[in-house]
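Analysis of the macromolecular model
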Amino acid sequence: MRSFQKIIPYIVFSCILACILMVYNGCTKENLNTDPAFRLEFSNDTILFDTVFTSIGSATKPLLVRNKSNQKVIVESIRLARGSASPYRINIDGQSAFEVKDLEIGPNDSAFIFVKVTIDPNNQDNPLIQTDSILFISNGNHQDVKLVSWGQDAWFHANDTLRGSVFLGAEKPHVIYGNLVVDSLCTLNIEQGARLYFHNNSGLIVRNSGTIRVNGTLEKPVQFRADRLDEEYETVSGQWLGILIEGESTGNLFEYADIRNGRYGVAMDSTTIGSIPNAIFMNCIIHNMVNFGILSIHSNIRVYNSQVSNCGGYAVAIDAGGKCEFRHCTLSNYWSSSSKQFQTLLLSNNYYSDGTQTPTALEEAYFGNCIIMGNGFEEIILDSIAGSSFNVKFDNCLVQTEESSKFSHLFVNCIINEEAAFIDPWIGQFELDTLSFAKDAGSLSIISTSSRNINSDLKGNSRLSDAGPDLGCYERIEKP
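In this text, all values refer to a predicted model and were calculated from it rather than measured experimentally. (Residues numbered from 1 in each chain as written. Predicted model: local features only at pLDDT ≥ 70, side-chain atom pairs only at ≥ 80, totals over all residues. Heavy atoms only, no water.)

**Quick notes on the overall build of the chain**
What counts here: Helix and strand assignments follow DSSP, with helices taken as H or I runs no shorter than four residues and strands as E runs no shorter than two, numbered in order from the N terminus. Exposure categories follow from relative accessible area, calculated using a 1.4 Å probe and restricted to protein chains: below 20% of the type maximum is buried, above 50% is exposed, and the middle band is partly exposed. The contact definition used throughout considers only heavy atoms, calling two residues in contact when any of these lie within 4.5 Å. Computed with the Shrake-Rupley method and a 1.4 Å probe, the accessible areas treat only the protein chains shown as cover for residues.
When helices and strands are counted, the chain shows three helices and 42 strands. In the chain, buried positions account for 50% of the 480 residues. Partitioning the intrachain contacts of the chain with sequence separation of at least 6 by distance along the chain shows that 63% fall at a separation of at least 24. Total accessible area on the chain is roughly 22,000 Å²; 50% of this is exposed by carbon and sulfur atoms.

Laid out in structure tokens, this is it:
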């Protein structure tokens, strides 16, 4: 008995110590992560609601929020950036709200947040695209997940590859996420009046042996735009990639295509020059690109009655030779979004590879009844080297250049360095004022010898009803 009494203090001490250790270990497991460098991880950085809202107008998608640390995290705030004005709701554990506070996520654990959007697809006053963000604050760090949904009925293309014969109609807009690819041996026909809206970093690619045919009309052009249709984005360049046509693709047609606000307009890769053009542009507008409007790398292109304008790079670059023909086109560069460094037109019969300049024949570069102007002193770059042909002709054009003194044989019946007198080129209005030197200065033979009918201008006005055709793609119609 006395021996037992002697060991009682040790037993009590052991129990107290065990309790202290248990409490300590419990506290260790429940240690809170307060590291200011900690960041949550998400299953997606953007949640796209590509459901077609034809009837109910609502959809729900999950978002997984991960805590990859070995300690518990308290997310101080999860809220919608637009608050009560948002068409979205977040739901955690059955609680639907605009904001949820103090969400606990255990060590190496996750939490599901359900995001719901409700839109009336029949409300034509809705913005075409509805965006918001879920904002997260944890340990003082601010993170966000983008929310994107369509406010009206639309067709969605998420990294689609088209095969066979494909028709894109005009009943609903087409919204492109990633690249819309026209595969080899595929022919893509786009109906008059169709609208193609591209998300950031999205574009259209026509593969070798694939073909695109854009069948717009004067009354119903085909539009290529970014998917941000808010008024403040109407003149913002670089919102989507552009249209890339690979080298062995021929027979492409762009008729009444209106292409705006990309990183580039249309780029054609190097190919074997044949009798069939890689692309024909008829009655098109390509405007407000961060880089070039049209880039032709040793390709064969034909451009009629079109406007290519206001680009951070060359408006038109005919690089590494090839063939091109421009009739009644307005090529003009009044770029104002940054410091302008490039001219309106580049013509080159060579290319650089590993620092070596290699000749490549510019078999034909014809410009008839065109305007080539800009806000610089020199708007034409003639990059010609010996060893390859440089077959260039400016025929009855209004041009802004000093190259005519050096290459006078290339400029036939041209008006040099006189005023085009556009209505307002800085905002894209390239119609002619009444004092323009381009007025009635065109040649009728350039119209009559064209393989395409260019009797009327880009707006459908006749070129044959007054003293003479005006240069460029717009005929000035004097008011009575």
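Past the structure itself, the notes keep going.
**What to know about the pairing of strand S30 (residues 330-333)**
Basically, it comes down to this: Paired strands, as defined in this entry, are two strands with at least two bridges between them according to DSSP.
Burial along S30 is two-sided: the face carrying Thr 330 and Ser 332 and the face carrying Leu 331 and Asn 333 are both buried. Pairing between S30 and strand S35 (residues 371-374): four bridges, direction parallel. Among the inter-strand pairings, Leu 331 is bridged to a residue of S35, identified as Ile 372.

**Concerning the sheet that holds strand S4 (residues 73-80)**
Put simply, the rule reads: Fitting a line to C-alpha atoms yields each axis, with helices limited to the stretch in contact; the angle taken between N-to-C directions then spans 0 to 180 degrees.
Judged by pairing direction, the sheet is mixed, and its five strands sit side by side in the order S2-S10-S9-S4-S7 without closing on themselves. Where the open sheet ends on each side, the last strands, each with one partner, are strand S2 (46-49) and strand S7 (99-105). Between one strand and the next, the sheet's axes are offset by a mean angle of 20°, whatever the strand orientation. Where S4 lies against strand S9 (residues 129-138), five bridges are found, and the strand directions are antiparallel. Looking at S9, one finds that Leu 80 is bridged to Ile 134.

**Observations regarding the sheet that holds strand S40 (residues 415-416)**
Neighbouring strands of a sheet are bound in pairs by backbone hydrogen bonds; such pairs are parallel or else antiparallel. Taken in spatial order, the eleven strands line up as S11-S14-S17-S20-S23-S26-S28-S30-S35-S38-S40 in an open sheet, and their pairing is parallel. If you trace the sheet from one side to the other, it starts and ends with strand S11 (155-158) and S40, each paired once.

**Structural notes on the side chain of Asn 261**
Inclusion rule: The definition of a polar contact used here is a pair of N or O atoms within 3.5 Å, where within protein one atom must be able to donate a hydrogen and the other to accept one, and adjacent residues in sequence count solely through side-chain atom pairs.
With respect to the secondary-structure elements, Asn 261 resides in the loop between strand S23 (257-260) and strand S24 (266-268). A polar contact of 3.0 Å, which involves the side chain of Asn 261, links it to the backbone oxygen of Glu 234. Once you skip the residues sitting within four places of it in the chain, Asn 261 turns out to touch Tyr 233, Glu 234, Thr 235, Val 236, Ser 237, Gly 238, Gln 239, Trp 240, His 287, Asn 288 and Met 289.

**Quick word on the pairing of strand S31 (residues 345-348)**
Of the two faces of S31, the one lined by Leu 345 and Leu 347 and the one lined by Leu 346 and Ser 348 are each fully buried. Pairing of strand S29 (residues 316-327) with S31 involves three bridges; the strand directions are parallel. Opposite Ile 318, over in S31, you have Leu 347 as the bridge partner. Two strands pair when backbone bridges link them, and S31 and strand S36 (residues 380-383) are joined in this way by four bridges, in the parallel orientation. Counterpart to Leu 345 in the pairing with S36 is Ile 380.

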